[in-house]
Amino acid sequence: MSMESKYSPKEVEAKWEKLHREGGAFAASGEGKPYTIVIPPPNVTGALHMGHALNHTIQDVLIRFKRLQGRRTLWQPGTDHAGIATQNVVERMLAKEGKKRREMGREAFLEQVWAWKDEYEARIVGQVQRMGNSCDWDRLRFTMDEGLSRSVRAAFVHLFEKGLIYRGKYIVNWCPKDRTALSDDEVETKDGGEPGHLWHLKYPLADGSGHIIVATTRPETMLGDTAVAVNPKDERYQGMIGKKIALPLTDREIPIIADDFVEMDFGTGCVKVTPAHDLNDFQVFQRHPDIGVINIMNEDASLNEEVPARFQGLDRFEARKRIVVEFEELGLLEKIEDRMTPIGRSYRSGEPIEYRLSDQWFVDMKPLAEKALASTREGRVRFVPERWNDYYCKWLENVRPWCISRQLWWGHRIPVWYDEDGVACAALEAPTVHPKTGKPIVRQDDDVLDTWFSSGLWPFSTLGWPGEGASAGAATEEWIQPDVPGHYPTDVLVTDRGIIFFWVARMVMMANELTGKDPFHTVYIHGTILDDKGRKMSKSLGNGIDPLEMADQYGADAVRFSLLNLSSEGQDIKLSPTKFEMGRNFGNKIWNAARFLLPHLEGADMGAVALDPADRWIRSRLATVTNTVTKLLESYKFADAAMELYHFAWGDFCSWYLELRKNEIHGEDSPAKRSAVGSCLRVLSDITMLLNPFMPALTEELREHLGLPQAIQSAWPV
RNA sequence: GGGCGUUUAGCUCAGCGGUUUAGAGCAUCUGCUUUACACGCAGAGGGCCAUAGGUUCAAAUCCUAUAACGCCCACCA
């Protein structure tokens, strides 16, 4: 391509990306020490955003830097099936055509989701490539691939056999909209709560000797009350303990019990107990099993047949209104207080979650967390910046059982089968008879696994775990047979703080349990991209900046360079489109420096001895900068490295050295000219090498024009 | 209720092993059709480094409070 005074990145970027990808330059090769990064697999729900662009740029810089240093690099790409999220977007799409998931049936619906996945995966891959990332695309994986699905089953079977996966009836977070259980981590609560009310209800004593008052934020649950609790030390209620309440609107009588969890100074000091619909209350039930449990809700949070007929089928919020009205009519409504109440919402649907007592599969996290904690405490898995070490460890220390079953269709079907007596077994492949009871298998579990279960295996499931020899039963050493030898464990994981618990912790736990190794030694946490007002970019606010649009406008290299320049030490980044001008201008500056030298290259003497003080000065500066940039990249200081190069290339090289040599370069052919051109070329060559990880296309294009070998095939300057 | 982060030029941010006039990019102002680049060149203005104390010969930089903004965790009905 010709050298216009303005650098046009678009075609150049497409050219080099395609050339290197198709030429196999991104594949792991050579004898060097392996260096591995697995990409945080983007969800197949939609397009990539700026957060991905930053995340990928950092990984690509590391990969390219190590590749130039002679390492055998592997950047493992792939995408995530993202259970609920993807099922939701496909359901929404189908709804526009008037189709409903439940009417279509499981198989027909899943066919639609697979079609969606194929389309979006292709789009995502195209976008990642457009940004110049050097993933090994021949190794593209998807969490629901055959191989990865086998990993999921193997992991499940191992944990099941070890007793770390169990089934139980517990209170779970329930999304009535998606009609599925959610893990604790999938529930979001707004700081300070949301505007709501505290209803004070009178509960009459059964013997007619008066009443007590309970306060609740969810009056509709009173139909499922099985007790009223007071603190055993509360003198006000000493005489009441053991008495019965005539539960209004029902014909049931419930006992007044004593339990420590009740705070005496809050409200009236009396708490209604609804074990089926509140975690606290369920725990009270576990301590007082005689009070019983009544589940009053259907899957969609409408009231079921356990409540009086007039309330049956009502939505929970509708029921709330009716119940309050009836209490008022009966003179049992003491008062209504306005109050900010904590409301848990599904992080996917935004729907207020309901607590629901149901049969679910859980992972016992404690033993897994112990190993993960040891890894970080003993320095084998370190976060950058360091402060995330504590953040991460605190979560591990307080880890709770993980509910892994989801009542969805899109995901890994739980590899559990039941015989005719309902006895469960877990297996890698569908069995025909139960291995222990010998009875015929009659059905497979209907539920699918939480998305993060498969994501938790990502660093080794993508690399071939478990090996061919793996069979049902607990994992053994020979399960670890990576299909790219030497690339597991991986080196660095680059991600956002938002998924440290969801993902990072689970990978470390699963890897330690299943492979006996830490999946990586370093976790680099970068900042979050915000809009220019400091708000998160989101579809609903419409404040997103599309990285692809920016790449078309400024060049992918410019976007990459600018993003890195803004992302110091994991700080959040307030972004606006004009920020990319810096990268563009910088690229153009170097482009023009090369354009200036171009007509004078013939006879350039790159081996000339530097005698002139200016020569010695620029060479010493170059040596310093090379050293500094190397050290900065090794310590993950990308912004500093970018800045160092920016100032050296623009200030020292262009403004000083090139200007100084201008007359000689423009002059008649002479040893002085040849030496001047050669000296400039030498510096520029190293600049393009140092800058190559940041701006791969521009630097390759320049080197081609200057008659230098391709950067990707050259060595990092020392 | 805990924990973390941020607060430095108009804007977005560096600087935090204490060292002479506190830096960058953008914006602003003044000159430049100088034969690489106006996505440029030469220059200029602009900051009691959130507040209050403290340590020190010396603090944006260390210590202690406070405030504002943001994020995370937590079963007060």
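Residues numbered from 1 in each chain as written. Chains lettered and ligands numbered in written order. Predicted model: local features only at pLDDT ≥ 70, side-chain atom pairs only at ≥ 80, totals over all residues. Heavy atoms only, no water.

Draft legend 1. Quick peek at the packing of helix H19 (residues 671-691) against helix H20 (residues 696-705). Between H19 and H20, the least distance of the axes is 8 Å, while the angle of their chain directions is 155°. Comparing their axes, H20 and H19 come out roughly antiparallel. Along this stretch, H19 crosses H20, giving a crossing that reads as left-handed. Across the interface between the two elements, Ser 685, Thr 688, Met 689 and Leu 691 of H19 pack against Thr 699, Leu 702 and Arg 703 of H20. Taken together, the residues of the contact of H19 with H20 break down into 3 nonpolar, 3 polar and 1 charged. (Axes fitted to C-alpha atoms, helices over the stretch in contact; angles between N-to-C directions. Helix = DSSP H or I, 4+ residues; strand = E, 2+ residues; numbered from the N terminus. Parallel < 35°, antiparallel > 145°, perpendicular 65-115°, else oblique. Left-handed = near helix turned anticlockwise from the far one by under 90°. Contact = heavy atoms within 4.5 Å. Nonpolar A, V, L, I, M, F, W, Y, C, P; charged D, E, K, R; others polar.)

Draft legend 2. Inspection of the sheet that holds strand E20 (residues 416-419) at higher detail. Spatially, 3 strands are ordered E21-E20-E22 in an open sheet, and the strand pairing comes out antiparallel. This sheet does not close on itself; its edge strands, each paired only once, are strand E21 (424-426) and strand E22 (441-444). Here the average twist between neighbouring strands, direction ignored, is 35°. Bridge analysis of E20 against E22 gives 3 bridges, and the strand direction is antiparallel. In the sheet register, Trp 417 faces E22, and the bridge partner there is Gln 444. Contacting E20 and E21, helix H6 (residues 146-161) runs over the sheet at an angle of about 125° to E21. (Pairing = 2+ DSSP bridges.)

Draft legend 3. Looking closely at the protein's contact with RNA strand B. Neighbouring RNA strand B are 39 residues, the closest being Lys 6, Phe 266, Arg 339, Arg 400 and His 666. When the atoms of RNA strand B within 4 Å of the protein are sorted by group, sugar and phosphate make up 60%. Glu 263 places a main-chain nitrogen or oxygen 2.7 Å from a base nitrogen of RNA strand B. In this structure, Trp 650 approaches RNA strand B through a side-chain N or O atom, which is 2.7 Å from a phosphate oxygen. For the surface near RNA strand B, the elements supplying multiple residues, two or more each, are strand E9 (211-216), helix H16 (581-597) and helix H18 (638-666). Here the surface near RNA strand B is composed, by residue class, of 14 nonpolar, 11 polar and 14 charged. (Near = heavy atom within 4 Å. Polar contact = N/O pair within 3.5 Å; in protein donor to acceptor, adjacent residues only side chain to side chain.)

Draft legend 4. Structural detail: helix H8 (residues 316-329). Taking 1.5 Å per residue as the helical rise, H8 with its 14 residues ought to reach 20 Å, and the 20 Å between its terminal C-alpha atoms agrees with that figure. Among all positions in H8, only Arg 316, Ala 319, Arg 320, Ile 323, Val 324, Glu 326 and Phe 327 are buried. Down the axis, H8 shows its buried residues gathered within 165° of arc, on one side only. Residues of H8 that are exposed and point over 90 degrees away from its buried face: Lys 321, Glu 328 and Glu 329. Elements in contact with the buried residues of H8: strand E8 (194-204), strand E14 (333-341) and strand E16 (354-363). (Expected span 1.5 Å × (residues − 1). Buried < 20%, exposed > 50% of the residue type's maximum accessible area, 1.4 Å probe, protein only. Arc of directions from axis to C-beta.)

Draft legend 5. Fine view of the nonpolar core. In terms of nonpolar packing, the biggest core is built from 152 residues, with Phe 156, Tyr 392, Phe 453, Phe 653 and Phe 694 touching the most fellow members. Contact partners of Tyr 392, with chain neighbours within four places excluded, come to Ala 372, Thr 376, Phe 383, Ile 500, Phe 501, Val 504, Ala 505 and Val 508. Core analysis: the next-biggest nonpolar cluster, separate from the first, contains 32 residues, Ile 245, Val 307, Ala 319 and Phe 327 among them. (Core = buried A, V, L, I, M, F, W, Y, C linked by side-chain atoms within 4.5 Å.)

Draft legend 6. Broad picture of a negative patch on the surface. Residues Glu 299, Asp 300, Asp 315 and Glu 318 make up a contiguous surface patch of negative charge. The residue Glu 299 is located in the loop between helix H7 (279-287) and H8 in this model. (Patch = residues over 30% accessible without salt bridge, like charges linked within 9 Å, V, L, I, M, F, W, Y side chains within 5 Å. Areas by Shrake-Rupley, 256 points an atom, 1.4 Å probe, with all protein chains shown as cover. Salt bridge = Lys/Arg side-chain N within 4 Å of Asp/Glu carboxyl O. Lys, Arg positive; Asp, Glu negative; His and termini not counted. Charge placed at Lys NZ, Arg CZ, Asp CG, Glu CD.)

Draft legend 7. Inspection of H20 at higher detail. Judged by how many residues are buried, H20 sits mostly within the fold: 9 of 10 residues are covered. Here H20 has its buried residues at Pro 696, Ala 697, Leu 698, Thr 699, Glu 700, Glu 701, Leu 702, Arg 703 and His 705. Just downstream of H20, Gly 707 is the residue with a positive phi angle, here 75°.

Draft legend 8. Main features of a positive patch on the surface. A cluster of basic side chains, namely Arg 92, Lys 96, Lys 177 and Lys 539, defines a positive patch on the protein surface. Of note, Lys 96 is situated in helix H3 (residues 83-96). Overall, the relative accessible area of 77% leaves Lys 96 in the exposed class.

Draft legend 9. Region of interest: the state of the cysteines. On inspection of all chains with the given rule, the structure shows 0 disulfides. Here Cys 403 is not cross-linked by a disulfide; its sulfur's nearest cysteine counterpart is in Cys 175, at 13 Å. On the accessibility criterion, Cys 403 (5% relative accessible area) is buried. (Disulfide = S-S within 2.5 Å.)

Draft legend 10. Fine view of the packing of H3 against helix H5 (residues 106-130). Contact pair H3 / H5: the axes reach a minimum separation of 10 Å and the direction vectors enclose 105°. Comparing their axes, H5 and H3 come out roughly perpendicular. Counted together, Thr 86, Gln 87, Val 89, Val 90, Glu 91, Met 93 and Leu 94 of H3 and Phe 109, Gln 112, Val 113 and Trp 116 of H5 form the full contact between these two elements. Grouping the amino acids of the contact of H3 with H5 by side-chain chemistry returns 7 nonpolar, 3 polar and 1 charged.

Draft legend 11. Here's a closer look at the pairing of E9. The element E9 is extensively covered by neighbouring structure, given that 5 of its 6 residues are classed as buried. Of the strand pairs in this sheet, E8 and E9 are connected by 6 bridges, and their pairing is antiparallel. Among the inter-strand pairings, Trp 199 is bridged to a residue of E9, identified as Thr 216. What sits between the antiparallel neighbours E8 and E9 is a turn of 6 residues, in which Gly 208 has the positive phi angle 75°.

Draft legend 12. Region of interest: the pairing of E20. Both faces of E20 are covered, namely the face carrying Val 416 and Tyr 418 and the face carrying Trp 417 and Asp 419. Direction of pairing for E20 relative to E21: antiparallel, over a ladder of 3 bridges. Across the sheet, Trp 417 pairs through a bridge with Cys 425, a residue of E21. Counting the residues that bridge the hairpin from E20 to E21 gives 4 residues, and of these Gly 422 lies at a positive phi of roughly 80°.

Draft legend 13. Focus on the side chain of Asn 173. Position of Asn 173 relative to the elements: it lies in strand E5 (residues 165-175). By relative accessible area, Asn 173 is classed as buried at 7%. Non-local contacts of Asn 173, meaning those with residues more than four positions away in its chain, are made with Thr 180, Ala 181, Leu 182, Ser 183, Asp 184, Val 187, Ile 353, Glu 354 and Tyr 355.

Draft legend 14. Quick peek at unusual backbone geometry. In this structure, Pro 385 follows Val 384 across a cis peptide bond, with omega equal to -5°. Looking at where Pro 385 falls in the secondary structure, it is placed in the loop between strand E17 (382-384) and helix H10 (388-397). For the bond from Tyr 488 to Pro 489, the omega torsion is 0°, close enough to zero to count as cis. Tracing the backbone through its elements, the reader meets Pro 489 in the loop between helix H12 (458-461) and strand E24 (492-496). A positive phi is found at Arg 179, a non-glycine position, where the angle reads about 50°. On the secondary structure map, Arg 179 appears in the loop between E5 and strand E6 (180-182). Even without glycine at this site, Ala 301 takes up a positive phi of about 70°. Here Ala 301 shows up in the loop between H7 and H8.

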